[in-house]
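Secondary and tertiary structure notes
The chain contents come next:
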Amino acid sequence: MSVRFQEIDWRPTPIGDISLRRRRDPASGADVYEVKLDDAYLMSSLFTEGEVALARLGLAALPDDSPPLDVAVGGLGLGHTAHAALADPRVGSLLVVEALGEVIGWHQRHLVPLGAALTADPRCRFARGDFFALAADPAGLDPDRPGRRFDAVLLDVDHSPAHVLHPRHAALYRPDGLRALARHLRPGGVFALWSNDPPDGAFTAALAEVFATYASHVVTFPRPAGSPDGGTAANTVYVARTR
């Protein structure tokens, strides 16, 4: 049995102090991994349904008979979106862009549960970089292959288009930012986004201006047993496709 609480890693970063913690859930007895930025919770292994749905819904928008897919993920976190993407047998390569080398290091050192699986999969490569800056750059998302285009880009960094971790991220969620990102997609390519908020009319209007099709999927899941809020929680996954 694991200890009741452990701070596995703590590092200062340019955007604040980031920490990886493990605690034992008293209801289930399972280990729960959590990431905090300063005093704010960024993610928890208790809530992974939205991250998994991001990969599944995004890739489901591509034809079943697609050739091996080139996929990019913005934001590594605890690795659930990347892991779910690799579970799709059509995926031939996966580039994960993560701004914090500390988070990449957790996976490479196998400090998080999915680290060993991701680092052992030859289709998966981590790239340290600012996804938002790369998305706005004509050279694209892959620092090693300028101009590379993808069949799908899956993004899970900010809380939502309206609640961003850094003010400069906001530009991506406007029409000009989405147009710049769409240039890194192949024809018929997919952009999918995770959000902690309900569907946002202003953001869906921006998607409609840039992409040929778009949809907002509300993903519901039960809260952990004993949660003071009880009932269910929900995330939103936006899926848009180029012409």
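For the structure given in this document, a descriptive report is provided here.

Cut-off values and rules
- Residues numbered from 1 in each chain as written.
- Predicted model: local features only at pLDDT ≥ 70, side-chain atom pairs only at ≥ 80, totals over all residues.
- Heavy atoms only, no water.
- Buried < 20%, exposed > 50% of the residue type's maximum accessible area, 1.4 Å probe, protein only.
- Helix = DSSP H or I, 4+ residues; strand = E, 2+ residues; numbered from the N terminus.
- Pairing = 2+ DSSP bridges.
- Expected span 1.5 Å × (residues − 1).
- Axes fitted to C-alpha atoms, helices over the stretch in contact; angles between N-to-C directions.

1. Focus on the pairing of strand S6 (residues 91-98)
Judged by how many residues are buried, S6 sits mostly within the fold: seven of eight residues are covered. Inspection of the sheet shows strand S5 (residues 69-74) paired to S6 by six bridges, in the parallel sense. By the bridge assignment for S6, Val 73 is matched with Val 96. Examined bridge by bridge, S6 and strand S7 (residues 124-128) share five bridges and lie parallel to one another. Paired with Leu 94 across the two strands is Cys 124, which belongs to S7.

2. Notes on helix H1 (residues 49-60)
In an α-helix, one turn spans 3.6 residues, which is why side chains three or four residues apart end up on the same side. In this model H1 runs 16 Å from its N-terminal to its C-terminal C-alpha over 12 residues, within 8% of the 16 Å that 1.5 Å per residue would give. Along H1, the residues classified as buried are Gly 50, Glu 51, Val 52, Ala 53, Leu 54, Ala 55, Gly 58 and Leu 59.

3. Considerations on the sheet that holds S6
Strand pairing in a sheet takes place through backbone hydrogen bonds and is either antiparallel or parallel in direction. Strand order in the open sheet formed by seven strands is S7-S6-S5-S8-S9-S11-S10, and the pairing between neighbours is mixed. Of all the strands in the sheet, just S7 and strand S10 (213-222) have a single pairing partner and so form its edges. Along the sheet, successive strands turn relative to each other by an average axial angle of 20°, direction set aside. Alignment of S5 against strand S8 (residues 150-155), held across four bridges, turns out to be parallel. The residue bridging Gly 74 from the neighbouring strand is Leu 155, located in S8.

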